[in-house]
Amino acid sequence: MNIIVGHSNMDLDCIGSMVLAGYLYPDYTIIRSRLVHPVAKNVLNLYKNQLNFQYGKILKGEHIEKVVVVDTRTSNRIKEYFEFADYNIGDVEEVIIYDHHEADCCDIEKAILKTEAIGANVSIMVKELIKEDITITPEDATIALAGVYADTGSFTFDSTTSDDLNAASWLISQGAKLGIVRKLLKPMKEESQIDLFHNVMNKLEVKKILGHYILLSYIEIPKHEPGIGAVVEKIMDVENPDAFFLIVGIVKGNQTLIIGRSQKQSINISKLLKTYGGGGHTMAGSAKVKELYSLSFLDEFVWYLRCSLIPSISAGSLMTDNVFTINENATLMDASIYLEQIEHTGCPVVNRNSELVGVITLRDISKGRMSDLMMSPVKSYMARKVETFTIDSSVRDIEKTFFSKNIGHIPVVKNKKVVGIVTRQDFLDHINEARK
Ligand SMILES: [Mn+2]
């Protein structure tokens, strides 16, 4: 018997990959996991008739020759299937793995790896189908497309590649229905998740820790509920913090769940939660502690973050410290010649104590030129209300200013003196650098 399996606790990308593997290996039996991730429950129900998935128990007494594994490369995540068979994955004749988790290492001996660092595993499968010139049904295309959207965060995660977009394009050409994909992707389907969402939102605490904007929330629930992860994602969406930690005390079972999400490479969730016996990825992870923590744990956790986090990049490290300034008593004529020399469209204006008093731009000067007042002092034409940063202004403050104001250069001020300047380009360069 030859089989196709995905990882335990199947999600949308996993299910989509299994369906597509069925086209590449038509005589293989697709075996489903006993566990389904809450986000993928409705796809299994909606497409019950189309999905020809079998349960692992049919493997009892069977001799398994060849196995295709999708969306994982670690034996631990597929061990549930082999509990039914008398032997393990190492005894199988041939194992072919299609996987996109490049950070994981493969512990399945002799396995043939067809892996790629790509947003969705479905996209790897689509590339194979295109190569083999295989077409698929609109229903299967819809299921697969939901997987691509889910694992690429609708093509916004850093891991998304052009191959993911090509895969989506091909799936739509096969008849995938976006209206259904949209429905399948709704993360919060249960009433209990909406309640949880409001409960968590009511208890949000905002902390600025070493320049990072961090949200925390502690809630206590009587027993474990599925789909907490989706609630966390929703709160990330709404609040847009640098990181969010939800601490859930679960009374029944006497345990505490810590779920973390981050939007910054510099806040490594997996590393942070290791201390609590957890793990995951840089941007998402969780820990399960076999002890029921109370609300007071929040203070301890904040303290832990204060000790563990790398300080956020600030204006001080992004700025150029070589700043051109002009004296407030210089004439518009002087200013015009000066700006031309330094090839800038504007610059900060200082008084004789070198304190920042305004900003003059070519546009301000042209007003003086039109009234033939080029010998007037800069101070009578400059803008006095100036947006400034301090050395400690965080990347978040900087982002807010550049997003909301039409200003290209912002002086960094210390003791009223200009010590540097941050430009839009400095900010954009930083964002691009941080994404690498
Ligand atoms: Mn995946």
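Bear in mind the structure is a predicted one, so any value in this text is a computation, not a measurement.

**Student:** Sorry, what's going on with the coordination of the manganese ion here?
**Tutor:** Geometry reference: four tetrahedral donors at a metal, ideal angle 109.5 degrees. Six octahedral donors, ideal angles 90 or 180 degrees. Taken together, Asp13 (OD), Asp71 (OD), His100 (NE2) and Asp151 (OD) make up the full set of protein donors to the manganese ion, lying 2.2 to 2.5 Å away. Mapped onto the polypeptide sequence, the residues donating to the manganese ion form the spacing pattern D-x57-D-x28-H-x50-D. On the criterion of sequence distance, the pair formed by His100 in the loop between β5 (94-99) and β6 (112-115) and Asp151 in helix α5 (residues 138-151) is long-range, its members being 51 residues apart. Assigned by exposure class, His100 and Asp151 land together as buried.

**Student:** What is the right way to read the domain arrangement of the protein from this model?
**Tutor:** It is common to give the size of an interface as the accessible area lost on bringing the parts into contact. The domains assigned to the protein are domain 1 (2-185), domain 2 (191-308) and domain 3 (316-435). Using C-alpha coordinates to define each centre, domain 1 is positioned 55 Å away from domain 3.

**Student:** Before we go on, may I ask you to explain the environment of Thr72 in this structure?
**Tutor:** Assignment of secondary structure puts Thr72 in the loop between β4 (66-70) and α3 (79-82). Residue class for Thr72 comes out buried when judged on its relative accessible area of 1%. Sequence separation between Thr72 and Asn121 is 49 residues, and the spatial gap between their C-alpha atoms is 9.1 Å. The residues contacting Thr72, other than those within four sequence positions of it, are His7, Arg77, Ile78, Ile97, Tyr98, Asp99 and His101. Side-chain polar atoms of Thr72 contact the backbone nitrogen of Thr74, separated by 3.3 Å.

**Student:** Can you walk me through the packing of aromatic side chains in this structure?
**Tutor:** The way to describe two aromatic rings as a pair is by their centre distance and the angle between their planes. A full pass over the atoms with the stated rule returns 14 aromatic pairs. Between the aromatic rings of Phe297 and Phe301, the centroid separation amounts to 5.7 Å while the plane-to-plane angle is 40 degrees, which identifies the pairing as tilted. You can see Phe297 and its partner Phe301 sitting in helix α11 (residues 297-308), 4 residues apart, about one turn around the helix. Note on accessibility: Phe297 and Phe301 belong to one class, buried.

**Student:** I keep staring at the sheet that holds strand β14 (residues 346-350) and nothing clicks. Help me out?
**Tutor:** Strand pairing within a sheet occurs via backbone hydrogen bonds; the two strands may be parallel or antiparallel. Reading across the sheet, the 3 strands line up as β13-β14-β15 and stay open at both edges, with mixed pairing between neighbours. This sheet does not close on itself; its edge strands, each paired only once, are β13 (326-327) and β15 (356-361). As judged from the 5 bridges shared by β14 and β15, these two strands associate in the antiparallel manner. Opposite Val349, over in β15, you have Gly358 as the bridge partner.

**Student:** Explain the side chain of Asn351 here, please?
**Tutor:** Its location among the elements puts Asn351 in the loop between β14 and β15. The exposure class of Asn351 is buried, given its relative accessible area of 13%. Engagement of the side chain of Asn351 in a polar contact is seen with the backbone nitrogen of Asn353, the distance being 2.9 Å. Beyond its immediate chain neighbours, meaning those up to four positions away, Asn351 contacts Asn327, Glu328 and Val357.

**Student:** Explanation requested: the sheet that holds strand β9 (residues 243-250) in the structure shown.
**Tutor:** Spatial strand order, β7-β8-β9-β10-β12-β11: 6 strands in an open sheet with mixed pairing. Single-partner strands in this sheet number two, and they are β7 (205-209) and β11 (279-280). Pairing of strand β8 (residues 212-221) with β9, which is carried by 8 bridges, proceeds in the parallel orientation. When the sheet's bridge partners are listed, Leu216 is paired in β9 with Phe245. Strands β8, β9 and β10 (255-262) of the sheet are contacted by helix α9 (residues 228-239), whose axis makes an angle of about 40 degrees with β10.

**Student:** I'm lost on the UniProt feature "domain: CBS" (unreviewed entry) in the protein in this one. Help?
**Tutor:** Taken from the UniProt record, the annotation "domain: CBS" (unreviewed entry) applies to residues 319-378 and 382-436. The straight-line gap between the two end C-alpha atoms of residues 319-378 is 25 Å; of that span, 33% is helix and 22% is strand.

**Student:** Whenever I open this one, the environment of Met201 confuses me. Can you help?
**Tutor:** Tracing the chain through its elements places Met201 in helix α8 (residues 191-202). The sequence separation of Met201 and Glu65 amounts to 136 residues, and the corresponding C-alpha distance is 51 Å.

**Student:** Honestly, the layout of surface pockets in this entry has me stumped. Any pointers?
**Tutor:** In this approach a probe as big as a water molecule rolls over the atoms, and the regions it shows empty are the leftover space. Of the voids in this model, the second largest pocket is the one considered here, and its volume is about 840 Å³. As for the second largest pocket, its lining consists of 27 residues, of which Val359, Thr361, Ile407, Gly408 and His409 are closest to the centre. Those elements giving two or more residues to the lining of the second largest pocket turn out to be β14, β15, α14 (362-370), β16 (409-414) and β17 (417-423). Taken together, the residues of the lining of the second largest pocket break down into 11 nonpolar, 10 polar and 6 charged.

**Student:** Teacher, can you tell me more about the pattern of salt bridges here?
**Tutor:** Opposite charge on two side chains allows them to pair when their charged atoms are near. Following the criterion strictly, the structure yields 14 salt bridges and no others. We note a salt bridge from Arg73 to Asp99, for which the minimum N-O separation is 2.6 Å. On the criterion of sequence distance, the pair formed by Arg73 in the loop between β4 and α3 and Asp99 in strand β5 is long-range, its members being 26 residues apart. Exposure remark for Asp99: the relative accessible area of 0% places this residue in the buried category. Because the salt bridges share partners, they merge into one network encompassing Arg34, Glu80 and Glu83.

**Student:** Would you mind going over the nonpolar core with me for this structure?
**Tutor:** Ile15, Val43, Val68, Tyr98 and Leu171 are the most contacted members of the largest nonpolar core, which has 46 residues in total. Of all the elements in the fold, those that place two or more residues in this core are α1 (12-24), α2 (41-46), β4, β5, α4 (121-132), α5, α6 (162-173) and α7 (178-185). Sort the elements by how many residues they give to this core and α1 lands first, with 8 residues. The contact partners of Tyr98, leaving out residues within four places of it in the chain, are Leu24, Tyr25, Val68, Val69, Val70, Asp71, Thr72, Lys114, Asn121, Ile124, Met125 and Glu128. With 23 residues, the next largest nonpolar core counts Ile214, Ile269, Leu272 and Val302 among its residues.

Cut-offs applied
- Residues numbered from 1 in each chain as written.
- Predicted model: local features only at pLDDT ≥ 70, side-chain atom pairs only at ≥ 80, totals over all residues.
- Heavy atoms only, no water.
- Donors = N, O, S within 2.8 Å, 3.2 Å for Na, K, Ca; no water.
- Helix = DSSP H or I, 4+ residues; strand = E, 2+ residues; numbered from the N terminus.
- Buried < 20%, exposed > 50% of the residue type's maximum accessible area, 1.4 Å probe, protein only.
- Domains from an automatic or database assignment.
- Contact = heavy atoms within 4.5 Å.
- Polar contact = N/O pair within 3.5 Å; in protein donor to acceptor, adjacent residues only side chain to side chain.
- Phe/Tyr/Trp six-rings, centres within 6.5 Å; stacked < 30°, edge-to-face > 60°.
- Pairing = 2+ DSSP bridges.
- Axes fitted to C-alpha atoms, helices over the stretch in contact; angles between N-to-C directions.
- UniProt positions renumbered as here; feature names shortened; annotations may be inferred.
- 1 Å grid on protein atoms, 1.4 Å probe; cavity = no way out; pocket = protein on both sides within 12 Å on 5 of 7 lines; lining within 4 Å.
- Points joined across faces, edges and corners; volume = space filled by probe spheres on them.
- Nonpolar A, V, L, I, M, F, W, Y, C, P; charged D, E, K, R; others polar.
- Salt bridge = Lys/Arg side-chain N within 4 Å of Asp/Glu carboxyl O.
- Core = buried A, V, L, I, M, F, W, Y, C linked by side-chain atoms within 4.5 Å.

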